[in-house]
Amino acid sequence: MRSSLRLLVLCGFVLINSFLVYKAIWGESGLLAHQVMVEAQRAAEAECLALDAQNRALSREIRLLQTDAAYIEKMVRERLHYLHDNEILYLFGDDDEPAQAGRDMQQEGAHERKN
């Protein structure tokens, strides 16, 4: 009787330990879930670093647009294709819609100066 009780207790401990090992590895907060969370944290940290760099670049551009007249002129000329009176702009491709708007405004400004 004593040996059968020991065997029963031993089987119970083996079952409990097997269950605990299963939960420690494959449970919802086990090792596999932990690895997934670590990978997600690394991806989030990398995204945060990229967003910080983008934020710094945008803050720098805002500061330049608020304080630097030469930078403002450069951006207007690049993005809106504004020209000085003695310049000619050649655009190639389908990206000429902003250039047309820039030429229209340039012509309006020249027309106003003549009047």
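Before any of the text, the structure's been laid out above.
Definitions and cut-offs
Residues numbered from 1 in each chain as written. Predicted model: local features only at pLDDT ≥ 70, side-chain atom pairs only at ≥ 80, totals over all residues. Heavy atoms only, no water. Helix = DSSP H or I, 4+ residues; strand = E, 2+ residues; numbered from the N terminus. Buried < 20%, exposed > 50% of the residue type's maximum accessible area, 1.4 Å probe, protein only. Contact = heavy atoms within 4.5 Å. Polar contact = N/O pair within 3.5 Å; in protein donor to acceptor, adjacent residues only side chain to side chain. Expected span 1.5 Å × (residues − 1).

Visitor: Whenever I open this one, the overall build of the protein confuses me. Can you help?
Guide: From N to C terminus, the protein includes four helices and zero strands. Sequence-ordered secondary structure for the protein, helices as α and strands as β, is α-α-α-α. Each of the 115 residues in the protein was classed as buried or not, and the buried ones make up 10%. Taking as baseline every contact in the protein between residues at least 6 positions apart, the subset at least 24 positions apart corresponds to 5%.

Visitor: When you look at the environment of Thr 67 in this model, what are you seeing that I'm missing?
Guide: Counting through the fold element by element, Thr 67 comes out in helix α2 (residues 31-67). Within the structure, the side chain of Thr 67 is placed 2.8 Å from the backbone oxygen of Arg 63, a separation counted as a polar contact.

Visitor: So what exactly am I meant to see when it comes to α2 here?
Guide: Helical geometry note: an α-helix holds 3.6 residues per turn, so side chains three or four residues apart project in the same direction. With 37 residues, α2 extends 53 Å from end C-alpha to end C-alpha; this agrees with the ideal 54 Å at 1.5 Å per step. When we look at burial in α2, the residues that qualify are Ala 33, Glu 61 and Leu 64. Residues of α2 that are buried make contact with α3 (69-80).

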